[in-house]
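What follows is each chain in one-letter form.
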Amino acid sequence: MVQLVEDYIPLNKYSRSGLKLKAKRGIVLHYTASPGASAKNISKYFASLANQKSSDGDKGRYASAHFSVDRTTIYYSLPDDELAYHCGSKTYTKQALQLLGSYPNNSTVGIEMCIEKDGSIHEDTFNQVVDLAVYLIEQRGFPEVFFTHKEVVGWKECPLPWIKHPEEYERFKQKVHQRLYPMQDQAVTEDEEDMDKVLAYAEWAWNELDKYIGDAYNDQIIHEWTWVEKVRKRKLTYGELLMLKVLIDERRRKGIQGQGQSS
Ligand SMILES: [Zn+2]
């Protein structure tokens with residue numbers, strides 16, 4: 001399970017307003033842009049912003065993120081249902097406005113990824129961010145909707161390592177998805193000619209599938225009881241499972257979009 005070091009920053013106007021999120025609509029990924037800085041350093045930095053003296057003509061620096069992640073530690077700087085100042089901008093991308101609303105800070109959780117001295121994201125850091133994302137989705141009520149900072153605002157080159165290597169961002173999303181839906185890959189890797197064969201699943205795997213299809217039926221994502229029955233009778237084929245997965249994931253994704261458009 002994911003270990004968090006709770007280090008809440010004090011309430012202050014620059015990094016922790018204490019306002020609650022209006023909704024939980026997405027997870028926004030950042031990088032610290034400070035080579036070698038630890039998660040602790042970043043959390044302390046957010047806390048230090050409280051001590052700014054505002055002077056005329058200088059509005060001060062507003063910044064914070066809920067989580068800062070390095071190779072070994074995840075710092076938790078403010079509750080995930082409070083607003084942080086991590087992706088504010090004068091303008092936003094169409095996609096962000098559609099899925100996250102008119103002020104994305106109000107509906108997202110922000111994660112800062114620490115970088116190594118050479119500017120890269122260490123594999124251990126990468127894996128910790130995967131763990132954290134799975135935790136936020138499975139246990140904290142966030143949808144499986146990811147944005148890079150750049151995808152929210154359009155102009156900021158953040159997180160730079162993933163802008164330079166978009167395949168790493170894809171790998172991240174795939175890894176999270178595999179962790180959330182471990183059944184899917186077993187079906188996808190089957191040869192095409194095996195598509196008509198009944199799933200050669202162990203009992204526990206059938207039970208997992210039973211829950212997955214049952215939830216989709218209960219949530220009215222699928223409407224045909226036949227599918228639930230086929231799973232219960234252990235008669236579902238690889239081809240049918242693949243088709244159902246595509247359908248269910250697609251409809252769930254659209255469901256999230258529907259929420260995004262309100263407000
Ligand atoms: Zn950022």
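The coordinates are above.
Residues numbered from 1 in each chain as written. Predicted model: local features only at pLDDT ≥ 70, side-chain atom pairs only at ≥ 80, totals over all residues. Heavy atoms only, no water.

Our next topic: the overall build of the protein. Scanning the protein from N- to C-terminus turns up 10 helices and six strands. Dimensions of the protein, computed from C-alpha atoms along their principal axes, come out at roughly 70 × 40 × 30 Å. The burial tally for the protein puts 46% of its 263 residues in the buried class. Element-wise, carbon and sulfur atoms account for 50% of the exposed surface of the protein, whose accessible area totals about 13,700 Å². On the protein, the mean spot of the 35 positive side-chain charges and the mean spot of the 38 negative ones are 8 Å from each other. (Helix = DSSP H or I, 4+ residues; strand = E, 2+ residues; numbered from the N terminus. Buried < 20%, exposed > 50% of the residue type's maximum accessible area, 1.4 Å probe, protein only. Areas by Shrake-Rupley, 256 points an atom, 1.4 Å probe, with all protein chains shown as cover. Lys, Arg positive; Asp, Glu negative; His and termini not counted. Charge placed at Lys NZ, Arg CZ, Asp CG, Glu CD.)

Quick look at the side chain of Ser68 now. Position of Ser68 among the secondary structure elements: in strand S3 (residues 67-69). Judged by relative accessible area, which is 0%, Ser68 ranks as buried.

Another point: the sheet that holds strand S1 (residues 5-6). An order of S1-S4-S3-S5-S2-S6 is seen for the six strands of this open sheet, with the pairing classed as mixed. Of all strands in the sheet, those with a lone pairing partner are S1 and strand S6 (146-148), marking the two edges. As defined by bridge partners, S3 adjoins strand S5 (residues 108-113) across three bridges and the pair is classed as parallel. Across the sheet, Ser68 pairs through a bridge with Glu112, a residue of S5. Helix H3 (residues 123-139) rests against strand S2 (26-31), S3, strand S4 (74-76), S5 and S6 of the sheet, and its axis sits at about 150° to S3. Running over the sheet, helix H6 (residues 166-180) touches S2 and S6 and is turned about 160° from S6. (Pairing = 2+ DSSP bridges. Contact = heavy atoms within 4.5 Å. Axes fitted to C-alpha atoms, helices over the stretch in contact; angles between N-to-C directions.)

Before going further, it helps to examine the pairing of S2. Taking burial as the measure, the six residues of S2 include six buried ones, the bulk of the element. Burial of S2 is two-sided: the residues Gly26, Val28 and His30 facing one way and the residues Ile27, Leu29 and Tyr31 facing the other way are all buried. Note: S2 against S5, six bridges, orientation parallel. In the sheet register, Ile27 faces S5, and the bridge partner there is Val109.

Residues Leu29, Ile111, Leu136, Phe146, Phe172 and Val176 are the most contacted members of the largest nonpolar core, which totals 33 residues. Within the residue set of this core, elements represented by two or more residues are S2, S3, S4, S5, H3 and H6. Per element, the largest residue contribution to this core is nine residues, and it comes from H3. Apart from the residues within four sequence positions on either side, Leu29 is in contact with Ile111, Met113, Val129, Phe146, Phe147, Thr148, His149, Cys158, Pro159, Trp162, Tyr169 and Phe172. One finds Met195, Tyr201, Leu209 and Ile222 within the second-largest nonpolar core, a separate group that totals 20 residues. (Core = buried A, V, L, I, M, F, W, Y, C linked by side-chain atoms within 4.5 Å.)

Listed as protein donors to the zinc ion are His30 (ND1), His149 (ND1) and Cys158 (SG); their distances from the metal cover 2.1 to 2.3 Å. Sequence positions of the residues that donate to the zinc ion give the spacing H-x118-H-x8-C. One end of the pair, His30, is in strand S2; the other, His149, is in helix H4 (residues 149-153), and 119 residues separate them in sequence. Per residue, the accessibility class of His30 equals that of His149, and both read buried. (Donors = N, O, S within 2.8 Å, 3.2 Å for Na, K, Ca; no water.)

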